[in-house]
Amino acid sequence: MTVSLSTVEDKTRATIGVRLFTVLAWVPERRALRRVHSSHPHDYPVGGEKTVEVAAGWLERCITGQEPYFGPDSAAVREIFADHELIDRLGCGAVINVPVVDDGRTLGVLNILDAEGSYDDDSVAAARSLAPLAVPALRELLEETR
């Protein structure tokens, strides 16, 4: 049985805490990220796409380099995300983005946000350990949309 993205959200909440949790699937043909799960569907609806309105360095780090991005404070969030005002209104000022990688291929990213100061390097390590749980669900979603 495939672990659902809701289960990944629940495990993330229990492990490191989360105020806003989304999962984005990477669509390499369009260099786009498609939202496939959201803890706040009104603000961040499933199906929404970003043809990456985030900093180029973020894309290089998370998608190409398959390394997490850690923004510990509101300044880091503002620097990377065009929608930082909405993120701030939701009470989020810290972010961990963790790539979901399957056999060397980036399938997507877990976006984990909470209040400024909520996360540290241990939180990033814990988030990284949760990312493989999303592989089966993301693989399934990507196969359905091909």
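Conventions adopted
Residues numbered from 1 in each chain as written. Predicted model: local features only at pLDDT ≥ 70, side-chain atom pairs only at ≥ 80, totals over all residues. Heavy atoms only, no water. Helix = DSSP H or I, 4+ residues; strand = E, 2+ residues; numbered from the N terminus. Rg over C-alpha atoms; globule rule 2.2 N^0.38 Å. Buried < 20%, exposed > 50% of the residue type's maximum accessible area, 1.4 Å probe, protein only. Salt bridge = Lys/Arg side-chain N within 4 Å of Asp/Glu carboxyl O. Core = buried A, V, L, I, M, F, W, Y, C linked by side-chain atoms within 4.5 Å. Contact = heavy atoms within 4.5 Å. Lys, Arg positive; Asp, Glu negative; His and termini not counted.

The name recorded for the chain in an unreviewed UniProt entry is GAF domain-containing protein, from Amycolatopsis alba DSM 44262.

Trainee: Would you take a moment to explain the overall build of the chain for this structure?
Mentor: Scanning the chain from terminus to terminus reveals six helices and six strands. Ordered by position from the N terminus, the helices and strands of the chain form the series α-β-β-β-α-β-α-α-β-β-α-α. Computed over its C-alpha atoms, the radius of gyration of the chain comes to 14 Å, within 12% of the 15 Å expected for a compact globule of 146 residues. The principal-axis extents of the C-alpha atoms in the chain amount to approximately 35 × 30 × 30 Å. Split into buried and exposed, the 146 residues of the chain put 49% on the buried side.

Trainee: I'm lost on the pattern of salt bridges in this one. Help?
Mentor: Once the charged atoms of two side chains with opposite charge are near each other, the side chains can pair. Going through the model one piece at a time under the given rule, you end up with five salt bridges. Between E9 and R13 there is a salt bridge, with the nearest N and O atoms lying 2.5 Å from each other. Residue E9 and its partner R13 are located together in helix α1 (residues 5-15), separated by four residues, close to a single helical turn. Here E49 makes a salt bridge to R30, at a shortest N to O gap of 2.3 Å. In this pair, E49 sits in strand β3 (residues 49-50) while R30 sits in the loop between β1 (20-27) and β2 (32-38), placing the two residues 19 residues apart along the sequence. Judged by its relative accessible area of 35%, E49 falls in the partly exposed class. Under the relative-accessibility criterion, R30 is labelled partly exposed at 46%.

Trainee: How should unusual backbone geometry be read in this particular structure?
Mentor: Glycine aside, a negative phi is what most residues show, and trans is what most peptide bonds show. The backbone of R31 sits at a positive phi, close to 45 degrees, despite the residue not being glycine. Tracing the backbone through its elements, the reader meets R31 in the loop between β1 and β2. The phi angle at Q66 is positive, at roughly 55 degrees, despite the residue not being glycine.

Trainee: Explain the nonpolar core here, please?
Mentor: It is characteristic of soluble globular proteins that their nonpolar side chains tend to be buried jointly. The biggest cluster of nonpolar side chains holds 25 residues, and the ones touching the most others in it are I96, L110 and I112. Looking at this core, the elements that each hand over two or more residues are α1, β1, β5 (94-102), β6 (105-114), α5 (121-130) and α6 (135-144). Those residues in contact with L110 that lie beyond four places of it in its chain are V8, F21, T22, V23, I96, N97, V98, V100, L130, A131 and A134. Residues L24, Y69, V77 and I80 belong to the second largest nonpolar core, which totals 20 residues.

Trainee: Any chance you could explain the side chain of R34 here in plain terms?
Mentor: With respect to the element layout, R34 can be found in strand β2. Here R34 is buried and forms no salt bridge, its nearest opposite-charge partner E49 lying at an N-O distance of 4.4 Å. Dropping the residues within four chain positions of it, R34 is found in contact with V23, L24, A25, V27, G47, G48, E49, L142 and T145.

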